[in-house]
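Fold and contact review
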Amino acid sequence: APGAHSVCRLLSRRAQGFYARDAGVAHRKNLGLLRKIMCQGSTKFKNVWTTHSTSPIAYERGRIYLDNYQCCISSIAQEPRILYQKPKCSKSEKIEDALLLECPLGEMLPSPSDYKSSLIVLTVQNWLLRLSADSGEILEKVYLAGSCCKFRYLSWDTPQEVMVVKSAQNKLPAAARQVGIQQSVLFYLAVFQVLPLSFIGMLEINKKIFGNSVTDVAVSNGILIVMYSVGLVRLYNFQAIAEQFMEQPFDLGHEFNWNGQVGVVGKYPFGLPCNIKITDTPPLLFEASSLENAFQIGGYPWHYIITPNKKKHKGVFHICSLKDNALAKNGIQDMKCCSLEPDWIYFHPDMSGRIIHVGPNLIKVLKLKEVKNNTDQMEIAEDFTIVANREDSVNNAVTVTASGRVVKKRFNLLDDDPEQETFKIVDYEDELDLLSTVAVTQIGADGRAHLDFHCNEHGILLKSIPLLESWDVTYSHELYFDKDLVLHIEQKPNRRFSCYVYQMVCDTAKE
């Protein structure tokens, strides 16, 4: 570009859409237009579709899944329509978990079907299936293991690149425990590279290596995270573990001879070999003690968030440097709210390094910045706050009646009192760069909720959308805001599920 000699300037200009031949320019402009249209006064969100089910309802990128993923409905059309309906499956084919897999950009893939979205599902019988997201057709099948190991959970190590399949915690039958038989293997983890699907390795989490009090384990961003019943969290380098303890690499579909067994990798009945055998405690990267194993890493430079490991500190968050464990200036965040539901905190998903702290009536967006005159220390400062719309009321503990009688209240109102507007959900829409909040107020037997869109940079309220259905705060709720679509999934008692779909419509008379 003429006159642009700095790499930083070139990248900045490209992000702003200065180069017409850039592949992302049209997409960025379209999303900018969509954001403006969506936030203008004449734009409404209309409830276009509602359904009810006795089984869980799931949503993934414009697709609604019913009947344990047997029925797939497209929510992109003007009115949701069925993409496919598979025959009712047996209990042995029940799907335990699923991940949506989308084609990586700029890579050559072995099969034309790899360029279309697919759904990776895990069944009760330890089958890992890759299904076409548009037809439900089985594209790939991998058998994981026999009945000795029950795989149940799918997660991303690196989104859309490396996938982790985790077993349920191994527990011996009561009869075996009574005769003194010990169970040393707690979890199994199988790790895959995706598109094309390839097997990296399987490992076991053993008491003899990691200790007796292990309660859970995960792999995220190349880190093996081990959690303990005493609130301890330990981090290990997963790649270093795989390299050090890998006994033999295996490829899916290839014959193998392993511990006296001959079979095909990923085929029934052999499944996958446990080829990463940890024989000694790996080098520890980091450990922290936190209440209920709550531990997060983020920010720039790297920081972590914990709650001191005592019940009296519930709702108190410490933000510390990962480099030297130093507490940031103003790094103790405590809303001091008196509520039934605790406040929560997390690093902002927009990769800005900011922190979102949500309480019943207040949302704080915090940022890390250098302490003035001390570049080695960071401090926590408020970027902006979002406050619930509540009437100012004086909560006197003592009142005097008209007759002069003094009445003392036995308790004060909670900060999340249902009759006051309370924040229940906070989310981020990355493509439109909007922060969305759901606030609920209980009016008699009904709860009224509204979804608000805020400017992600400054917190300014841009749009408010009333939700028509009643919102009972005692039920479980999920809300998805995806471009021009709002989708609300509600779980009522006795396994009753409801799904409400709203789509953007423009009032043509006012345009």
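Residues numbered from 1 in each chain as written. Predicted model: local features only at pLDDT ≥ 70, side-chain atom pairs only at ≥ 80, totals over all residues. Heavy atoms only, no water.

Looking at an unreviewed UniProt entry, the protein chain carries the name DDB1-and CUL4-associated factor 17, with the source organism given as Fulmarus glacialis.

Comments concerning the sheet that holds strand E2 (residues 58-60)
Cut-off, in case you're wondering: What makes two strands pair is DSSP finding at least two bridges between them. For the purposes of this entry, the term helix denotes a DSSP run of H or I that reaches at least four residues, the term strand denotes a run of E that reaches at least two, and both are numbered from the N terminus. Whenever a helix is involved, its axis is fitted only over the stretch in contact; in every case the axis is a line through C-alpha atoms, and angles between N-to-C directions fall within 0 to 180 degrees.
Reading across from one edge, E2-E3-E4-E5 is the order of the four strands in this open sheet, with antiparallel pairing throughout. Two strands close off the open sheet at either side, each with one partner strand: E2 and strand E5 (81-85). Each adjacent strand pair in this sheet contributes to an overall mean axis angle of 25 degrees, direction not counted. When strand E4 (residues 71-74) meets E5, the two strands line up antiparallel, connected through four bridges. Bridged to Cys71 within E5 is Gln85.

Things to note about unusual backbone geometry
A cis geometry characterises the amide bond from Leu195 onward to Pro196, with omega recorded as -10 degrees. Mapped onto the fold, Pro196 is located in the loop between strand E12 (185-193) and strand E13 (198-206). Residue Pro269 is reached from Tyr268 by a cis peptide bond, and omega for that bond is 5 degrees. On the secondary structure map, Pro269 appears in the loop between strand E18 (261-264) and strand E19 (284-289). Residue Lys336 is not a glycine yet carries a positive backbone phi of 55 degrees. Inspection of the secondary structure puts Lys336 in the loop between strand E23 (327-334) and strand E24 (344-347).

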